[in-house]
Structures are given as C-alpha cells and as structure tokens.
Amino acid sequence: TRQKEVETVTIEAPAAAVWARIGNFAALKDWHPAVAESPADKGNDEGSVRQLKLKGGGALTETLESYDAAKMKYSYRAKDGGALPVTNYTSTISVRADGNRAVVEWRGAFY
C-alpha cells in the first residue's frame, strides 16, 4: 500500500524569511544537509527538472509539479529509481506563519 508521511517543524523566524531560504526549487543544497548539488533547469517553473547529487554518493531526479509563491508551497515528484528505495514518490513542502514563527510542513507519499 502507498505510504504517507507528514513531518512538521516550527522555526523561530518569520515565515517569509524561511520561505526565502527554502522556497527556491534549485536551492535544496543550501539547506538540506545530505544534498551536494540541486540544479533545476527551469527554476521555479512547473515542469522544472532538479538533478540532485547526494553528499554520500547517489543521485535523484525530481520534477516540479506545482509552485505557489503566494501560498509558500510547492510539490514535486521523484523519477523512479535513483538514490531512494521507493517508487511513485511525491512530496509537498510548505511554510505558514504562526505569529512570528514559521511552521514548515513536508508531506510525502510513496510505495
């Protein structure tokens, strides 16, 4: 059966500042400790393809399915194979304000 996972973290910073850090589809390398490179061929445009290279070795290709800067949210899909031992992997990452703090939510689903 398809597995679903939701993780949230509250950060003591304004939501807009957190989104500025993680909202760029090509910037995963700037904040994810396992990612060495994360170029995206079309930036934040839907259909953009991101080629991840992991610091411990391995690679993964992801495609941006939706991007909404106003809602501070984007969704992407990983191509089967690559460094993850899963198939049909989709994720959404979002940021929302909670007073002066930011709540970051990652939702993933996969087989």
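What you see is a predicted model, and the numbers here were worked out from it, not measured in a lab. (Residues numbered from 1 in each chain as written. Predicted model: local features only at pLDDT ≥ 70, side-chain atom pairs only at ≥ 80, totals over all residues. Heavy atoms only, no water.)

### Notes on helix α1 (residues 15-22)
Those residues of α1 that sit buried are A15, V18, W19 and I22. Buried residues in α1, looked at end-on, bunch into an arc of 100°, giving them a common side. Turned more than 90 degrees off the buried face of α1, the exposed positions are A16 and A20. Contact partners of the buried residues in α1: β1 (3-11), α2 (28-31), β4 (59-68), β5 (73-78), β6 (90-98) and β7 (101-110). (Buried < 20%, exposed > 50% of the residue type's maximum accessible area, 1.4 Å probe, protein only. Helix = DSSP H or I, 4+ residues; strand = E, 2+ residues; numbered from the N terminus. Arc of directions from axis to C-beta. Contact = heavy atoms within 4.5 Å.)

### Observations regarding the pattern of salt bridges
If you walk through the whole model with that rule in mind, you get six salt bridges. Across the pair R50 and E62 runs a salt bridge whose closest N-O atoms are separated by 2.4 Å. Taken together, the residues span a long stretch of sequence, with R50 in strand β3 (residues 49-54) and E62 in strand β4 at a distance of twelve residues. No difference in accessibility class separates R50 from E62, as the two residues are buried. Among the salt bridges present, the one from D98 reaches R101, with a minimum N-O distance of 2.9 Å. Residue classification places D98 among the partly exposed positions, given a relative accessible area of 33%. Judged by relative accessible area, R101 falls into the partly exposed class, the value being 32%. (Salt bridge = Lys/Arg side-chain N within 4 Å of Asp/Glu carboxyl O.)

Geometric descriptors of this kind do not, in isolation, establish any biological role.
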